[in-house]
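Descriptive structure summary
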Amino acid sequence: GAVVSQHPSWVICKSGTSVKIECRSLDFQATTMFWYRQFPKQSLMLMATSNEGSKATYEQGVEKDKFLINHASLTLSTLTVTSAHPEDSSFYICSAKLAAETQYFGPGTRLLVL
Amino acid sequence: QKEVEQDPGPLSVPEGAIVSLNCTYSNSAFQYFMWYRQYSRKGPELLMYTYSSGNKEDGRFTAQVDKSSKYISLFIRDSQPSDSATYLCAMSSPNYGGSQGNLIFGKGTKLSVKP
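Within any chain, residue numbers begin from 1 and follow the written order of that chain's sequence. Going through the entries in the order they are written, you letter the chains from A and number the ligands from 1. Per-residue local features of the predicted model are confined to residues with pLDDT of at least 70, and side-chain atom pairs are confined, for both listing and counting, to 80 or more; whole-chain, interface and lining totals are unaffected and use all residues. Computation of side-chain values covers all heavy atoms of the structure but excludes hydrogens and water.

What about the overall build of chain A?
For clarity, the cut-off: Numbering of helices and strands starts at the N terminus; helices are DSSP runs of H or I of at least 4 residues and strands are runs of E of at least 2. Radius of gyration here uses only the C-alpha atoms, and the compact-globule reference equals 2.2 Å multiplied by the residue count raised to the power 0.38. Residue exposure (1.4 Å probe, protein chains only): buried if accessible area is under 20% of the type maximum, exposed if over 50%, otherwise partly exposed. Between two residues, a contact is recorded if the distance between any of their heavy atoms is within 4.5 Å. Only the protein chains shown count as cover for residues, with accessible areas throughout obtained via the Shrake-Rupley method and a probe of 1.4 Å. Positive charge is attributed to Lys and Arg, negative charge to Asp and Glu, and no charge count is given to His or to the chain ends. Lysine's charge is taken at NZ, arginine's at CZ, aspartate's at CG and glutamate's at CD.
Of the regular secondary structure elements, chain A holds zero helices and 11 strands. Listed by position from the N terminus, the elements making up chain A come as β-β-β-β-β-β-β-β-β-β-β. Compactness check: chain A gives a C-alpha radius of gyration of 13 Å against a globular reference of 13 Å for 114 residues, within 12% of the reference. The C-alpha extent of chain A, read off along each of the three principal axes, is 40 × 25 × 20 Å. Split into buried and exposed, the 114 residues of chain A put 53% on the buried side. Within chain A, contacts between residues at least 6 apart in sequence are counted, and of these 53% link residues at least 24 apart. In the structure as shown, chain A presents an accessible area of about 5500 Å², 54% of it carried by carbon and sulfur atoms. Within chain A, the 9 negative side-chain charges are centred at a point lying 5 Å from the centre of the 10 positive side-chain charges.

What follows is the structure, encoded as structure tokens:
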């Protein structure tokens, strides 16, 4: 149990385009999901907390107009990177909160912006 | 001082060895402690979850929490090449930063188990 999926697993796009990443909890409902990014050989950096039915909470330094988060249902959160640029290239990982303080992570999405 | 300190390694051990991974932390409010395993280019996988102090065992893995010393450990017995990965400690408290369960991660220790 406690499986989280992400789609796509990798994406290559041109600079200036927008990319949408989906995060789904497959066998449980999650009122709270989180979005992280991870640069090579570095730990996870929390970008935002996604709450079902309400606005996301962004961490300091994360542009909410660039990284649009939508949590439309208890099993789906989406992250849209708008007008992507090469510096947005990274590994994006979502997680879903199941119980207490436990988070289960998706497999990640590797984004490469050319 | 960072809230969570973890030696990044790399740590290289022979197959069959006992591995000890550790984290220290500074915030005494942390109550939930987790260990995640992350293979290259994959999302973290929850290995162990502990509430408050004490030991927890699951197969070859044992997690220890010493709140008095603000020190947590993960032991891997009979290590296997398939255990080669980066191990991240994480911790939280119910109202950390006023949020809904944000985790604070260590930087991760890269482990390599040689056959």
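Structure shown, so let's carry the discussion forward.
Topic: the layout of surface pockets
Regions of empty space are outlined by a rolling probe, equal in size to a water molecule, passed over the atoms. Stated formally: A pocket, in this scheme, is an open set of points on a 1 Å grid over the protein atoms alone with protein on both sides within 12 Å along at least 5 of 7 lines, while a cavity is a set where a 1.4 Å probe fits but cannot get out; residues line either one if an atom lies within 4 Å of a point. Grid points are joined across faces, edges and corners, and a volume is the space filled by probe spheres set on the points. Note on residue classes: Ala, Val, Leu, Ile, Met, Phe, Trp, Tyr, Cys and Pro are nonpolar, Asp, Glu, Lys and Arg are charged, and everything else, Gly too, is polar.
Considered as a void within the structure, the largest pocket measures approximately 1200 Å³ in volume. Lining the largest pocket are 41 residues, and of these Gln 38, Lys 41, Gln 42, Ser 43 and Leu 44 of chain A sit closest to its centre. Elements that contribute at least two residues to the lining of the largest pocket include exactly β4 (32–38) and β5 (45–51) of chain A together with β9 (85–92), β10 (104–105) and β11 (109–114) of chain B. Residue composition of the lining of the largest pocket, by class: 19 nonpolar, 12 polar and 10 charged.

Topic: the nonpolar core
The following threshold applies: Here, the term nonpolar core denotes a set of buried Ala, Val, Leu, Ile, Met, Phe, Trp, Tyr and Cys residues that are joined through side-chain atoms within 4.5 Å.
In this structure, Trp 35, Phe 67, Leu 79, Tyr 92 and Leu 111 of chain A are the most contacted members of the largest nonpolar core, which totals 25 residues. Contributing elements (two or more residues each) for this core: β2 (10–13), β3 (19–25), β4, β5, β7 (67–73), β8 (76–81), β9 (90–97) and β11 (109–113) of chain A. Setting aside anything within four residues of it in sequence, one finds Tyr 92 of chain A in contact with Gln 6, Ile 21, Tyr 36, Arg 37, Met 47, Phe 67, Leu 79, Gly 108, Thr 109 and Leu 111 of chain A. Of all hydrophobic cores here, the second largest spans 24 residues; its members include Val 19, Phe 33, Val 65 and Ile 104 of chain B.

Considering the state of the cysteines
What counts is decided by this rule: Cysteine sulfur atoms are paired as a disulfide whenever they fall within 2.5 Å.
Per the counting criterion, the structure on display carries two disulfides over all chains. Covalently, Cys 23 of chain A is tied to Cys 94 of chain A through a disulfide, its sulfur atoms 2.0 Å apart. Measuring handedness by torsion sign, the sulfur bridge of Cys 23 of chain A and Cys 94 of chain A sits at about 80° and is right-handed. With Cys 23 of chain A in strand β3 and Cys 94 of chain A in strand β9, the pair connects residues that are 71 residues apart, well separated along the chain. Covalent S-S linkage joins Cys 23 of chain B and Cys 89 of chain B, the inter-sulfur distance amounting to 2.0 Å. Classification of the bridge connecting Cys 23 of chain B and Cys 89 of chain B rests on its S-S torsion, roughly -100°, and on that basis the disulfide is left-handed. Pair noted here: Cys 23 of chain B is in strand β3 (residues 19–25) and Cys 89 of chain B is in strand β9, with a separation of 66 residues, a long-range link.

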